[in-house]
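If you want the building blocks of each chain, they are given just below.
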Amino acid sequence: GGTGLRRDGDRRRQHRHRRACAGAVAAGRRESMALVFHERVGLDERRISPFSWRIRYAFAHKGLDPDVVPTRFADVARIRDLSGQDLVPIIEHDAVVVHDSWSIACHLEDHFPDRPSLFGGPAGRGAARLVNVWSDTVLARAMRQQIYADFIRCIDPGDRDYFRRSREAQLGMTLERFSADRDVALPDLLESCAPLERTLSEQPFLAGAAPAYVDYV
């Protein structure tokens, strides 16, 4: 009799455990299904945007699997109608539209608090913000000068005219002229990377022993 009761109790506990696991999986699917990720693509559907890659890593870090909408430069009208501006990445989460990679990362952190943290707390978020701004300004301009004249060949041919017109308007010169002195400017890029190299010579990731959003920017 006692053995039978124990077996019945074991079966009930196993059943509750299976239901709990199934519920957790279903909840994760519901969260993922509510997410749409508009991501820049280039030639042959290649993922060419470092800003979109930040959010790809953030989704992976959080264990989220959004629906992905590949987005070309020529899709600017659709993006403008959706978000009121011209750039990706963009996410749709339920009825909310969020653009700008930093804003998206903060949204994911705040709305999925039960998932692994992107920042490790307020202090980590503040430090990541500094690195994000540095990457978008100091590092990005030095990198663009090295790659812009070649990068256009990574873009779908149908997008190249828009990319050239929009970027040359921002630069005030042709892409080729902007990159003409890249060999001379290369030491500036290497100097910009020096803090990263020194930090990573002493620890596995910028965040320390494990990666966080600061490593993705």
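Calculation criteria
Residues numbered from 1 in each chain as written. Predicted model: local features only at pLDDT ≥ 70, side-chain atom pairs only at ≥ 80, totals over all residues. Heavy atoms only, no water. Helix = DSSP H or I, 4+ residues; strand = E, 2+ residues; numbered from the N terminus. Buried < 20%, exposed > 50% of the residue type's maximum accessible area, 1.4 Å probe, protein only. Salt bridge = Lys/Arg side-chain N within 4 Å of Asp/Glu carboxyl O. Pairing = 2+ DSSP bridges. Axes fitted to C-alpha atoms, helices over the stretch in contact; angles between N-to-C directions. Phe/Tyr/Trp six-rings, centres within 6.5 Å; stacked < 30°, edge-to-face > 60°. Lys NZ or Arg CZ within 6 Å of the ring centre and 35° of its normal.

S.K.: What exactly am I supposed to notice about unusual backbone geometry here?
M.R.: Both trends apply: most residues other than glycine have a negative phi, and most peptide bonds are in trans. In this structure, Pro89 follows Val88 across a cis peptide bond, with omega equal to 15°. One can find Pro89 in the loop between α3 (76–83) and β3 (90–93). Even without being glycine, Asp44 reaches a positive phi, approximately 55°. With respect to the helices and strands, the residue Asp44 is situated in the loop between β1 (35–40) and α2 (50–62). Using a relative accessible area of 58% as the deciding quantity, one classes Asp44 as exposed.

S.K.: I'm lost on the pattern of salt bridges in this one. Help?
M.R.: Opposite charge on two side chains permits them to pair, given that their charged atoms come into close proximity. Tallying each qualifying case throughout the model produces 17 salt bridges. Measuring nitrogen to oxygen at the nearest pair gives 3.4 Å for the salt bridge that ties Asp75 to Arg78. Residue classification places Asp75 among the partly exposed residues on the basis of a relative accessible area of 23%. Relative accessible area serves as the criterion here: at 33%, Arg78 is assigned to the partly exposed category. Here the salt bridges share partners, and the residues they tie into one network are Glu39, Arg47 and Arg56.

S.K.: Would you mind showing me how to read the sheet that holds β1 here?
M.R.: Across a sheet, strands are paired by hydrogen bonds formed along the backbone, either parallel or antiparallel in direction. Spatially, the four strands line up as an open sheet ordered β2-β1-β3-β4, and their pairing is mixed. The open sheet is flanked by β2 (67–71) and β4 (96–99), the only strands paired with a single partner. Strand after strand, the sheet turns through a mean of 20° between neighbouring axes, direction not considered. Direction of pairing for β1 relative to β3: antiparallel, over a ladder of four bridges.

S.K.: What should I look at first to understand the packing of aromatic side chains in this one?
M.R.: Per the counting criterion, the structure on display carries eleven aromatic pairs. Between Trp53 and Tyr57 the ring centres are 5.9 Å apart and the planes differ by 45°, which places this aromatic pair in the tilted class. Taken together, the residues Trp53 and Tyr57, both in helix α2 and four residues apart, mark about one turn of the helix. Taking relative accessible area as the criterion, Trp53 reaches 35% and is therefore assigned partly exposed. When the ring of Phe151 is compared with that of Phe163, the centres are 5.6 Å apart and the planes differ by 55°; the resulting orientation is tilted. Of this pair, Phe151 sits in helix α5 (residues 122–151) while Phe163 sits in helix α6 (residues 160–171), and the two are twelve residues apart along the sequence. Note on accessibility: Phe151 and Phe163 belong to one class, buried. In this structure an aromatic cluster arises from ring pairing among Trp53, Tyr57, Trp102, Phe119, Tyr213 and Tyr216. Above the ring of Phe73, the side-chain terminus of Arg40 is found at 4.0 Å from the ring centroid. The side chain of Arg56 reaches across the aromatic face of Trp53, ending 5.8 Å from its centre.

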